[in-house]
Amino acid sequence: IELKSKIAQFEFENPLMNASGVWCENAEKLDEMKNSSSGSFVTKSATPQLREGNPSPRYVEVPLGSINSMGLPNLGFDFYLNYSLKFQEENPGKINFLSIAGMSMEDNLEMLHKLNDSDFKGLTELNLSCPNVPGKPQIGYDFEATEKILEKAFEFFKKPLGVKLPPYFDFAHFDEMAEILNQFPLAYVNCINSVGNGLYIDTENESVVIKPKDGFGGIGGAYVKPTALANVRAFYTRLNKNIKIIGCGGVESGKDVFEHLLCGAEMVQIGTHLARNGVQVFDKILTELSEIMNQKGYNSIDEFRGKLKSL
Ligand SMILES: O=C(O)c1[nH]c(=O)[nH]c(=O)c1Cl
């Protein structure tokens, strides 16, 4: 059966990839991702310079998912650009996604200029939704700031660009965000980033479980699947069709992937479940997805993508 997905001029042999931030911070992890059976991979959101990030513990697995306040630890933009250039050189015709999360408009524009002027052939993901840098509100929750950075970016950036969005919870916000995004020739929109500033409590110790921000952190995993599916569906039904949707949130099985695809996702990312179990999750989930498609008599994803029925 056919598991192909397409974004911009690229075709991927299957819709699965990692979520930025998971299994992609350094060369060792990125090598495991590129050698896995995922359809593609994305690098950890980069800042212009290397960042240590927040004090540990800053990522904790909890029964129904994860909580994190990493604080954008990364090896710096040049590392991820060089890794990507080497990857495309060693794997002709293959490309990866490169994520950036500047701490300011200037940082983001600087990194976009470098990418534009480089030989990078892949897709760039502008992360508008990091919830864990103290004092930095998420751009994705500031509609004016979102419009401004996209206006500035598209004045010069000529390569495929996507945005990583936080979850929204109100139809007025879906409508307002979609109206902004539809103004720009985006390759894709990635929904969702972690559900920001949740709190997980260890009742034995009567304490929080992560050190930064008095224990407040982004929530991922099974907890967030209904919100992730809703955001994928909301933007799939509102954005013009050449802006694809990447679905991210709560994926642990082929069934979860099937749900994201029904909502309209073109690619589906795995974060918490990958962090917990490693890159063999891609083999497992591809097998499960294939079984579901066989049982339902689907030969390709296009036969059901986006076809979620209302009652
Ligand atoms: O704390 C982080 O590094 C982080 N953590 C997240 O859950 N989402 C993000 O986009 C980022 Cl940048």
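Coordinates for the structure precede this section.
Residues numbered from 1 in each chain as written. Predicted model: local features only at pLDDT ≥ 70, side-chain atom pairs only at ≥ 80, totals over all residues. Heavy atoms only, no water.

Caption draft 1: Representation of helix α7 (residues 254–263) in the model. Across the 10 residues of α7, nine count as buried, placing the element largely inside the fold. Of the residues making up α7, those classed as buried are Gly254, Asp256, Val257, Phe258, Glu259, His260, Leu261, Leu262 and Cys263. Turning to α7, the residues buried within the fold contact β3 (16–18), α6 (225–238), β14 (244–248), β15 (267–270) and α9 (280–296). Looking one or two places after α7, you find glycine 264, whose phi comes out positive at around 120°. (Buried < 20%, exposed > 50% of the residue type's maximum accessible area, 1.4 Å probe, protein only. Helix = DSSP H or I, 4+ residues; strand = E, 2+ residues; numbered from the N terminus. Contact = heavy atoms within 4.5 Å.)

Caption draft 2: Geometry of the pattern of salt bridges. All chains considered together, the criterion is met by 14 salt bridges. Glutamate 61 is the salt-bridge partner of arginine 276, the closest N and O atoms lying 3.9 Å from each other. Of the two residues, arginine 276 sits in helix α8 (residues 272–277) while glutamate 61 sits in strand β4 (residues 59–62), which places them 215 residues apart along the sequence. Relative accessible area serves as the criterion here: at 37%, glutamate 61 is assigned to the partly exposed category. In this structure, arginine 305 and aspartate 302 form a salt bridge, with 3.2 Å as the shortest nitrogen-oxygen distance. Judged by its relative accessible area of 54%, aspartate 302 falls in the exposed class. Ionic contacts of the salt-bridge type, sharing partners, join the residues Asp31, Lys34, Lys86 and Glu90 into one network. (Salt bridge = Lys/Arg side-chain N within 4 Å of Asp/Glu carboxyl O.)

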